[in-house]
Amino acid sequence: MFVLAIRSIRQRPGRFLATLLAAFLGAAIIMTFNSLQDTASQHGIDSVSADTLSTSASVVGGYGTLLVFFAVASTLTVNVRQRSRELETLRCSGATPAQLKRMVVGEAVAVALLGAILAVGPAMLGGRALLGAFKDSGQVARSVDYSFGPFALQSGLGITLLASAGAAFLAVRRATHGRRRQGRARTFFTYAALVAGVVSVTATFAFSATDAALMAAPAYGAILLSVGLALLAPRLLRGLLDRLQLTGASGWLAVRNLRARADQLAGILMSLILFTAVSTATLYMQAVESDAVKASGLKKSVDAKNLETLNFTVVGIIVVFVCVMLVNSLYAATTYRAREFGGQRLAGATPGQVLRTVATETAILTITGILSGTAAALAGIIPFTMVRTDSILPHQGLGIWLTVVTVAATVTLGTSLLTARRVLRTPAVEAVALAA
């Protein structure tokens, strides 16, 4: 089956570009930061520089691992869903579910390996630039030399390959098994993440206002809650649709389409929820912390500078990754609807009406993701602000949140509408015939 996987990649390489891009970016980020661990392990480095580099590598490396899995999983899920007919044909030809799993996992591993290998060069350049930034800010001594060693290489290759294999296995498992068994596992992980998130957020009140680890509990709590809500994405979407009353043909059709495709759109909603929650929570908590330090008249310590650098770095990584995930997922999902759009046009819909329907669908998705992500973020922001400043809400206003919302809405609406417009350039009869 591995031979069949390689043959499938050679025959239609275009279908694996999204997975290749996700694996490339994931491996590049993981190796970039884990090369700091190789740098910190060199002889003769002072303890402050070593601690700064090791902390950056461990924290961002953990986020990178999670993001790699979600990015690759979202692209592979769309890939497997679009190949449902092909997989069904193979099953009818005698292939067993186990053989199909091995083929899809083999494809994912082969593509991920290529992406990880291509990421080595950019990771070296990124790690060297990151070390330079730490030196310029005074967090690392000027005498420290950069090193890209076995830890960066092994972690980048290992994590990317394992994440790709696991994501591919889960994606093809959904396509070959019933939903009941999957639903139980999803429910378990959903409530486990929500409970763990509530416990972590509640633990914030056990810290003092000046505790160095104060931000950790609400930050991880917000992340866990966002993961739980992301896993609940189809239910959240259906709940909103049940209460939504839209007038006009485009609105009615948009609600109908979203109800039918709620499970398929889970990956897009997961990306939106995670992006909104983690970005909003991290940026607001860092702003509260910076203002509190400034108000006290104290100078930021090296640890405080490290934490601030890590927070902005993590948000930057999340922005890049989620944008890639959203663009990949939305592009693939919209392109896959060529036959549907062609059928609507043959039934009398104009291209403008189809675009309005897509815009309405995307707006509903965006609102659902932003509201859910904001709820998870507030669950972390409020306890942190109460302990750190004795206020309930941050004094920074809505500027940060509006920026996050603008980025999310621009990416989702822009990708959906531009892709739909491109698909609509194909004549309706041709689109239906090609997709048949």
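Where an unreviewed UniProt entry is consulted, the protein chain appears under the name FtsX-like permease family protein, with the organism given as Streptomyces prunicolor. The record held by UniProt for the protein chain lists under Sequence similarities (unreviewed entry) the comment "Belongs to the ABC-4 integral membrane protein family." Under the Subcellular location (unreviewed entry) heading, UniProt states for the protein chain: "Cell membrane".

A. Representation of the overall build of the protein chain in the model. What the protein chain contains, in helices and strands, is 17 helices and 0 strands. For the protein chain, buried positions account for 50% of its 436 residues. Sequence-distant contacts, at least 24 apart, represent 85% of the contacts inside the protein chain between residues at least 6 apart. Summing over all exposed atoms, the protein chain offers an accessible surface of approximately 20100 Å²; the carbon and sulfur share of this is 65%.

B. Up close: the layout of surface pockets. If you add up the space inside the second largest pocket, you get close to 970 Å³. As for the second largest pocket, its lining consists of 38 residues, of which A212, A213, D303, A304 and L307 are closest to the centre. Every element with two or more residues in the lining of the second largest pocket is listed here: helix 3 (47–82), helix 9 (216–231), helix 12 (266–296), helix 13 (302–335) and helix 15 (351–389). Looking at which element gives the most residues to the lining of the second largest pocket, the answer is helix 13, with 9 residues.

C. Representation of the packing of helix 10 (residues 233–243) against helix 15 within the structure. Relative to each other, helix 10 and helix 15 sit at 115°, their axes nearing to 10 Å. Two packed elements cross with a definite hand, and for helix 10 against helix 15 that hand is right-handed. Across from L236, L237, L240 and L241 in helix 10, the residues of helix 15 making contact are I364, L365, T368 and S372. Considered class by class, the residues forming the contact of helix 10 with helix 15 number 6 nonpolar, 2 polar and no charged.

D. Structural context of unusual backbone geometry. Of note in this structure, D390 is not a glycine but carries a positive phi near 70°. With respect to the helices and strands, the residue D390 is situated in the loop between helix 15 and helix 16 (399–423). D390 sits in the exposed class, given a relative accessible area of 72%.

E. Spotlight on the nonpolar core. With 25 residues, the main nonpolar core has L237, I268, L326 and L365 as its most contacted residues. At the level of elements, helix 10, helix 11 (248–260), helix 12, helix 13, helix 15 and helix 16 are the ones that each hand at least two residues to this core. Excluding its chain neighbours within four sequence positions, the residues that come into contact with I268 are L326, S329, L330 and L365. Among the nonpolar cores identified, the runner-up in size contains 19 residues, and A40, L130, L131 and Y146 belong to it.

F. Spotlight on empty space enclosed by the protein. Summed over the entire model, instances satisfying the criterion amount to 2 cavities of 30 Å³ or more. Lining of the largest cavity is provided by 13 residues; of these, R261, R337, E361, T362 and S416 occupy positions nearest its centre. Per-element accounting of the lining of the largest cavity gives the leading share, 4 residues, to helix 15. Here the lining of the largest cavity is built from residues that sort into 7 nonpolar, 3 polar and 3 charged.

G. Region of the structure containing the side chain of R345. As for its placement among the helices and strands, R345 is situated in helix 14 (residues 338–346). A distance of 3.2 Å separates a polar side-chain atom of R345 from the backbone oxygen of L424.

H. Representation of helix 6 (residues 120–136). If you check helix 6, its first and last C-alpha atoms are 24 Å apart, about what 17 residues at 1.5 Å a residue would give, namely 24 Å. Among the residues of helix 6, those classed as buried are V120, A123, G127, L130, L131, F134 and K135. Take helix 6 and look down its axis: the buried residues cluster within an arc of 140°, on one side only. Those residues of helix 6 that are exposed and aimed more than 90 degrees away from the buried face are L125, R128, A129 and D136.

I. Spatial organisation of the pattern of salt bridges. Inspection of every chain in the model, using the stated rule, returns 5 salt bridges. A salt bridge links R259 to D242; the nearest nitrogen and oxygen atoms lie 3.7 Å apart. Here R259 is found in helix 11, whereas its partner D242 is found in helix 10, with 17 residues between them in sequence. Relative accessible area serves as the criterion here: at 40%, R259 is assigned to the partly exposed category. By relative accessible area, D242 is classed as exposed at 52%. Taken together, the salt bridges that share partners define one network made up of R337, E340 and E361.

J. Main features of a nonpolar patch on the surface. Residues F205, L378, M386, I392 and L393 make up a contiguous nonpolar surface patch of about 460 Å² in total accessible area. Note on placement: M386 falls in helix 15.

K. Summary view of the side chain of T204. Tracing the backbone through its elements, the reader meets T204 in the loop between helix 8 (179–202) and helix 9. Among the polar contacts made by the side chain of T204, one reaches the main-chain carbonyl oxygen of V201 at a distance of 2.8 Å. Setting aside anything within four residues of it in sequence, one finds T204 in contact with L214, A217, P218, P383, F384 and V387.

L. How the structure looks around the packing of helix 9 against helix 12. Their axes nearest at 9 Å, the elements helix 9 and helix 12 cross at an angle of 165°. For the element pair helix 9 / helix 12, the angle class is roughly antiparallel. Viewed along their axes, helix 9 and helix 12 form a crossing whose handedness is right-handed. The residues of helix 12 that touch helix 9, namely those facing P218, A219, A222, I223, S226, V227, L229, A230 and L231, are M270, I273, L274, A277, V278, A281 and M285. Class assignment of the residues belonging to the contact of helix 9 with helix 12 gives a composition of 15 nonpolar, 1 polar and no charged.

Cut-offs and rules
Residues numbered from 1 in each chain as written. Predicted model: local features only at pLDDT ≥ 70, side-chain atom pairs only at ≥ 80, totals over all residues. Heavy atoms only, no water. UniProt positions renumbered as here; feature names shortened; annotations may be inferred. Helix = DSSP H or I, 4+ residues; strand = E, 2+ residues; numbered from the N terminus. Buried < 20%, exposed > 50% of the residue type's maximum accessible area, 1.4 Å probe, protein only. Contact = heavy atoms within 4.5 Å. Areas by Shrake-Rupley, 256 points an atom, 1.4 Å probe, with all protein chains shown as cover. 1 Å grid on protein atoms, 1.4 Å probe; cavity = no way out; pocket = protein on both sides within 12 Å on 5 of 7 lines; lining within 4 Å. Points joined across faces, edges and corners; volume = space filled by probe spheres on them. Axes fitted to C-alpha atoms, helices over the stretch in contact; angles between N-to-C directions. Left-handed = near helix turned anticlockwise from the far one by under 90°. Nonpolar A, V, L, I, M, F, W, Y, C, P; charged D, E, K, R; others polar. Core = buried A, V, L, I, M, F, W, Y, C linked by side-chain atoms within 4.5 Å. Polar contact = N/O pair within 3.5 Å; in protein donor to acceptor, adjacent residues only side chain to side chain. Expected span 1.5 Å × (residues − 1). Arc of directions from axis to C-beta. Salt bridge = Lys/Arg side-chain N within 4 Å of Asp/Glu carboxyl O. Patch = residues over 30% accessible without salt bridge, like charges linked within 9 Å, V, L, I, M, F, W, Y side chains within 5 Å. Parallel < 35°, antiparallel > 145°, perpendicular 65-115°, else oblique.

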